[in-house]
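Here's the letter readout for the chains.
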Amino acid sequence: MMTVGDVDETRNGFDTSKMLTEWETGTVSDLPDGRTQHTFVMEAVDKEIEIAPGVMFPAWTYNGKVPGPALRATEGERRKIVFRNYDSQPHSIHFHGIHSARMDGVPGAGVVNPGEEFVYEFDAKPFGCHFYHCHALPLKRHIHKGLYGLFVVDPDPARHAEHADVARSRLLGTPENAGWQELAMVMNAFDTNFDDENEVYAVNTVAHAYTKRPIRILRDKPVRIYLANAVEFDPINSFHLHGNFFDYFDQGTTLTPTSRTVDLITQCQGQRGILEFSFKDHEPGLYMFHAHQSEFAELGWMSMFEVVEQVA
Amino acid sequence: MNDVSSTQTITAAPSVPQPSRVALAWLILPLAVLALAITWLVTANPLRTFDNGAPPVENLTFERTVLSSDGIEILVRAGGSEPMTIAQVLVDDAYWQFAQEPSGPLARGATAWIRLPYPWVLGEAHAFKIITNTGATFEHEIAVAVPTPVSSVSMLSAQALLGVIVGIVPVAIGLMFYPALRGVGRNGMNFLLAMTVGLLAFLMIDAAGEAFDLAGESAAIFQGQAMVALAAAASFLLLIAAGRRGGTPAGLTLATFIALGIGLHNLGEGLAIGAAFAAGAAGLGTFLVLGFTIHNITEGIDIAAPMLKKRPPLWTFPALTLLAGGPAVLGLWIGSLAYAPQWSALALAIGAGAYLARSDGRGAAALLSWPVMAGLAFGVTFMYGTAMLVKV
Ligand SMILES: [Cu+2]
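Rules used in this analysis
Residues numbered from 1 in each chain as written. Chains lettered and ligands numbered in written order. Predicted model: local features only at pLDDT ≥ 70, side-chain atom pairs only at ≥ 80, totals over all residues. Heavy atoms only, no water. Helix = DSSP H or I, 4+ residues; strand = E, 2+ residues; numbered from the N terminus. Rg over C-alpha atoms; globule rule 2.2 N^0.38 Å. Contact = heavy atoms within 4.5 Å. Lys, Arg positive; Asp, Glu negative; His and termini not counted. Charge placed at Lys NZ, Arg CZ, Asp CG, Glu CD. Axes fitted to C-alpha atoms, helices over the stretch in contact; angles between N-to-C directions. Parallel < 35°, antiparallel > 145°, perpendicular 65-115°, else oblique. Left-handed = near helix turned anticlockwise from the far one by under 90°. Nonpolar A, V, L, I, M, F, W, Y, C, P; charged D, E, K, R; others polar. pLDDT = per-residue confidence, 0-100. Patch = residues over 30% accessible without salt bridge, like charges linked within 9 Å, V, L, I, M, F, W, Y side chains within 5 Å. Areas by Shrake-Rupley, 256 points an atom, 1.4 Å probe, with all protein chains shown as cover. Salt bridge = Lys/Arg side-chain N within 4 Å of Asp/Glu carboxyl O. Buried < 20%, exposed > 50% of the residue type's maximum accessible area, 1.4 Å probe, protein only. Core = buried A, V, L, I, M, F, W, Y, C linked by side-chain atoms within 4.5 Å. Phe/Tyr/Trp six-rings, centres within 6.5 Å; stacked < 30°, edge-to-face > 60°. Lys NZ or Arg CZ within 6 Å of the ring centre and 35° of its normal. Buried area = accessible area lost by both parts, 1.4 Å probe. Polar contact = N/O pair within 3.5 Å; in protein donor to acceptor, adjacent residues only side chain to side chain. Domains from an automatic or database assignment. Pairing = 2+ DSSP bridges.

Re the overall build of chain A
Okay, step 1: Summing up its helical and strand segments, chain A has 6 helices and 21 strands in all.
Okay, step 2: Against the 2.2 N^0.38 benchmark of 20 Å for 312 residues, chain A shows a C-alpha radius of gyration of 19 Å, consistent with a compact globule.
Okay, step 3: Sequence separation of 24 or more characterises 71% of the internal contacts of chain A that already satisfy a separation of 6 or more.
Okay, step 4: Looking at chain A, you have 27 positive and 44 negative side-chain charges, and the mean spots of the two groups are 5 Å apart.

Observations concerning the environment of proline 102 of chain B
Residue and element names in this part refer to chain B.
Okay, step 1: With respect to the helices and strands, proline 102 occurs in the loop between strand 5 (99-101) and strand 6 (111-116).
Okay, step 2: Sequence separation between proline 102 and alanine 194 is 92 residues, and the spatial gap between their C-alpha atoms is 55 Å.
Okay, step 3: Proline 102 has contacts with Thr111 and Ala112, leaving out every residue within four places of it along the chain.

What to know about the packing of helix 5 (residues 186-217) of chain B against helix 11 (residues 370-387) of chain B
All names here are of chain B.
Okay, step 1: The contact between helix 5 and helix 11 brings their axes to 6 Å, and the two run at 40 degrees. Relative to helix 11, the element helix 5 is oriented oblique. Considering only the axes of helix 5 and helix 11, their crossing is right-handed. Taking contact as the criterion, the partners of Asn187, Asn190, Phe191, Ala194, Met195, Val197, Gly198, Leu199, Phe202 and Leu203 in helix 5 are, on helix 11, Pro371, Val372, Ala374, Gly375, Leu376, Phe378, Gly379, Val380, Phe382, Met383, Tyr384 and Ala387.
Okay, step 2: When the residues that make up the contact of helix 5 with helix 11 are grouped by side-chain class, the tally is 17 nonpolar, 5 polar and no charged.

Comments concerning the confidence of the model for chain B
Low-confidence regions, as indicated by low pLDDT, have predicted coordinates that should not be scrutinised in detail.
Residues and elements named next belong to chain B.
Okay, step 1: Averaged over all residues, the pLDDT of chain B equals 77, while 80% of them reach at least 70.
Okay, step 2: Mean pLDDT in chain B bottoms out at helix 1 (residues 2-12), which sits at 42, and peaks at strand 6, which reaches 94.
Okay, step 3: In this model residues 1-15 is a low-confidence stretch, pLDDT under 50, and it forms 3 contacts with partners more than four residues away in sequence or in other chains.
Okay, step 4: Low pLDDT, under 50, characterises residues 360-365; the predicted model gives this stretch 5 contacts beyond four residues in sequence or across chains.
Okay, step 5: Interface confidence in the predicted complex, given as ipTM, is 0.78; pTM for the same model is 0.75.

Let's talk about a negative patch on the surface
Okay, step 1: Side chains of Asp195, Asp196, Glu197, Glu295 and Glu298 of chain A together with Asp93 and Glu139 of chain B sit close together on the surface and give a patch of like negative charge.
Okay, step 2: The residue glutamate 295 of chain A is located in helix 6 (residues 294-298) in this model.

Topic: the pattern of salt bridges
Residue and element names in this part refer to chain A.
Okay, step 1: In this structure the tally under the stated criterion is 21 salt bridges over all chains.
Okay, step 2: Salt-bridge contacts for arginine 35 lead to aspartate 123; the nearest nitrogen and oxygen are separated by 3.1 Å. With a gap of 88 residues between them, arginine 35 in the loop between strand 2 (27-30) and strand 3 (36-52) and aspartate 123 in strand 8 (residues 117-123) connect regions that are remote in the sequence.
Okay, step 3: Arginine 168 is paired through a salt bridge with glutamate 176; the nearest N and O atoms lie 3.1 Å apart.

What about the environment of aspartate 70 of chain B?
Residue and element names in this part refer to chain B.
Okay, step 1: One can find aspartate 70 in the loop between strand 1 (60-68) and strand 2 (71-78).
Okay, step 2: Once the C-alpha coordinates of aspartate 70 and serine 157 are considered, the two residues, 87 residues apart in sequence, prove to be 25 Å apart.
Okay, step 3: Among residues more than four places away in sequence, those in contact with aspartate 70 are Leu116 and Pro117.

Notes on unusual backbone geometry
Okay, step 1: Residue valine 66 of chain A is joined to proline 67 of chain A through a cis peptide bond whose omega torsion reads -10 degrees.
Okay, step 2: Here proline 67 of chain A is to be found in the loop between strand 4 (55-62) and strand 5 (70-74).
Okay, step 3: Put simply, glutamate 101 of chain B and proline 102 of chain B share a cis peptide bond, and its omega is -5 degrees.
Okay, step 4: Here the phi dihedral of asparagine 63 of chain A falls at roughly 55 degrees; this positive angle occurs in a residue that is not glycine.
Okay, step 5: Checked against the element boundaries, asparagine 63 of chain A lands in the loop between strand 4 and strand 5.
Okay, step 6: The exposure class of asparagine 63 of chain A is partly exposed, given its relative accessible area of 33%.
Okay, step 7: Of note, the phi angle at asparagine 204 of chain A is positive, near 60 degrees, even though the residue is not glycine.
Okay, step 8: Along the chain, asparagine 204 of chain A turns up in the loop between strand 12 (200-203) and helix 5 (209-212).

Focus: the nonpolar core
Nonpolar side chains tend to gather and get buried jointly when the protein is soluble and globular.
Residue and element names in this part refer to chain A.
Okay, step 1: Met185, Ile225, Phe239 and Phe305 are the most contacted members of the largest nonpolar core, which has 62 residues in total.
Okay, step 2: The biggest single contributor to this core is strand 11 (residues 181-190), with 7 residues.
Okay, step 3: Setting aside residues up to four positions removed in sequence, phenylalanine 305 forms contacts with Leu183, Met185, Ile215, Ile217, Ile225, Leu241, Phe277, Phe279, Gly285, Leu286, Tyr287 and Phe289.

Let's talk about the packing of aromatic side chains
Residue and element names in this part refer to chain A.
Okay, step 1: Applying the stated rule across the entire model yields 25 aromatic pairs over all chains.
Okay, step 2: With centroids separated by 5.3 Å and ring planes inclined at 85 degrees, the aromatic side chains of tryptophan 23 and tyrosine 226 adopt a geometry described as edge-to-face. With tryptophan 23 in strand 1 (residues 23-24) and tyrosine 226 in strand 14 (residues 223-229), the pair connects residues that are 203 residues apart, well separated along the chain.
Okay, step 3: On the accessibility criterion, tyrosine 226 (1% relative accessible area) is buried.
Okay, step 4: Aromatic side chains phenylalanine 246 and phenylalanine 277 sit 6.4 Å apart centroid to centroid with 55 degrees between the ring planes, which places their arrangement in the tilted category. Placement of the pair is phenylalanine 246 in strand 16 (residues 246-250) and phenylalanine 277 in strand 19 (residues 272-277), with a sequence separation of 31 residues.
Okay, step 5: On the basis of relative accessible area, phenylalanine 277 is assigned to the buried category, the value being 5%.
Okay, step 6: Of the aromatic side chains, those joined through ring pairs into one cluster are Tyr62, Phe83, Phe95, Phe118, Tyr120, Phe122, Tyr132 and Phe151.
Okay, step 7: The lysine or arginine in question, arginine 72, covers the ring of tryptophan 23, its NZ or CZ lying 4.6 Å from the ring centre.

A short note on the interface of chain A and chain B
Okay, step 1: Counting residues at the interface gives 17 residues for chain A and 17 residues for chain B.
Okay, step 2: Here chain A meets chain B over a buried area of about 1,500 Å², counting both sides, of which 55% is carbon and sulfur.
Okay, step 3: The tally of links from chain A across to chain B stands at 1 salt bridge.
Okay, step 4: As a salt-bridge pair, lysine 129 of chain B and glutamate 199 of chain A come within 3.8 Å of each other at their nearest N and O atoms.
Okay, step 5: Summed over the shared surface of chain A and chain B, the result is 9 residue pairs in polar contact (both at pLDDT 80 or more).
Okay, step 6: A breakdown of the residues in the side of chain A that touches chain B according to their chemical character gives 8 nonpolar, 6 polar and 3 charged.

Regarding the packing of helix 3 (residues 153-175) of chain B against helix 9 (residues 316-337) of chain B
Residues and elements named next belong to chain B.
Okay, step 1: The contact between helix 3 and helix 9 brings their axes to 8 Å, and the two run at 150 degrees. With respect to their mutual orientation, helix 3 and helix 9 come out roughly antiparallel. The way helix 3 lies across helix 9 gives a crossing that is right-handed.
Okay, step 2: Residues of the contact of helix 3 with helix 9, tallied by class, amount to 18 nonpolar, 7 polar and no charged.

A word on the domain arrangement of chain A
All names here are of chain A.
Okay, step 1: Split by domain assignment, chain A resolves into domain 1 (9-178) and domain 2 (181-308).
Okay, step 2: Taking only C-alpha atoms into account, the centre of domain 1 sits 20 Å from that of domain 2.
Okay, step 3: Regarding the contact of domain 1 and domain 2, the summed buried area is about 3,600 Å², with carbon and sulfur atoms giving 66% of it.
Okay, step 4: Between domain 1 and domain 2 we count 3 salt bridges in total.
Okay, step 5: Across the side of domain 1 that touches domain 2, the residue classes break down as 27 nonpolar, 12 polar and 9 charged.

Things to note about the sheet that holds strand 5 of chain B
Residue and element names in this part refer to chain B.
Okay, step 1: Read across the open sheet, the 4 strands follow the order 1-2-6-5; overall the sheet is antiparallel. The sheet is open, and its two edges are formed by strand 1 and strand 5, each paired on a single side. Each neighbouring strand pair of the sheet contributes to a mean axis angle of 20 degrees, computed without reference to strand direction.
Okay, step 2: As defined by bridge partners, strand 5 adjoins strand 6 across 3 bridges and the pair is classed as antiparallel. Bridge pairing links alanine 99 to arginine 115 in strand 6.

Quick look at the structure:
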């Protein structure tokens, strides 16, 4: 069964159907060495969000959204993240990626006190499907309150001659990439009564959001999901697709799948990866996807794809 | 008691000077200050300095569950500092469709039915969790799910029969010992009276304990513990005061008080058994019913004991039996139809107060004689022993 009623997404300030395809690429500037630099502004603000119909959660957010903006860049680009903390607690952004100790976003290196600012700078590498989150203490609380998001680094086709076509299909902005339906999904959960157990599970925050409003999939277009697990308290989470199988790229750091033809993958806390599949040979209809921990599914992490014929 | 005090006021009045207008004005002053204080509190809201932004305190008590082929219905009572809003309902850790009636926020003390079309499973446990809009959760468990009996003539008559067996029959049997009891000598008499004191002491402790247990389950707004203590004290004082009108209660008067106390106790127990039926929790086997019956035979002896010196008219025996045992039937009915723990607690507390009233006025001098000691010990032991048959 399901939660009763609807969430006011206008009041939340983020739309669960739009956040599937919203990528933040930052403002682009040229560096003296000829490379491009992408600058992002991230702000920590606290905000009450509705995570299930009628259930409000006092969240800590990046830019007012949970999950935070899905950041996207290309391998080798310079990235500059201006982080301002408007909350009453110290926060940081700890990126999973290759960077120096000074830029790690941990206590002593980039944890920002209320009202202050810090600039994280590093090269986007390695390519893959990564994750960022607050690393202030206590860690569990800073993560489960809502400070996390996707950080996707697209492969540079020039650096991967042997799989240049695959790399091009992953690189945002190419015609090959436009042939895919790409979706950003963060599996998350909320401990509404602060007893270190989650009451609400979801993909992209709102319980049952994609059951009530299924994600429309064009039958002919392959699907790529950037998936991360931000759930706290439960050691693992999972993704199971109905009526179909997919290829899986654990952490997204390879151009060939790490698992082929599977319909279920598990992710521990902070793990993420890329799923690729197609409904080309399927009849249109509703195809479920959900955590195969039935408990999570019944607590909100239950979703639907609505596969439709290509519209002319 | 009331007439006594009012007579005193009237006779005392002439010696006191007539209240003057000045005296009246002195009455108005404090009231005016109170009105001013309230106005200031409401308009200036000086308490806002204490508002630390914390969410309001919420509380929710589960009072009744009804299981039927349509699903599950739960009666909840709100006890928050502000009206509270039920956002979602989970059954067995899954969000479930539900309807709230009446809908909307629940004011402090208000109740609502939560109706869930849930396919519950016979004999299994089911857990409920209610999440409010602030994310607070309230949990309740049905240990063994069985369909809630639908009130029908056949069910009510079956319950009446059960009430007669556990309430009326044992009292009647106990009273039938009357002729035999009259034949005992002075020591035997002391033994019997002391035994009833022991029996009643046990019943008082038992009833008070049960009352406090049930009070703990009831909504905080009823302040269960205080309610039980006050109800027991009130019934104790009332019975003492009423009894003293004709001197220390003895004979038929005392027997009537004991019967009344036992009646209230049986009402409370009837409520609890009826509610257990309604909740499906009672696996009342023959053995358990038998245990109750034997346990309660002593109630009849309790009633008979004070009347041994002077035989009352015959009609008083059935009347006392009905007074002491009849409420069991009433309790079973009410308990199965409309039950909340606070009502059972209240009835048991009143009964406990009545037992206490009975123990009052016993001469301490006689306490040390062997028949009395033996009687007390036997009474308590017998009750404790037979209670072993029924405690689950
Ligand atoms: Cu933080």
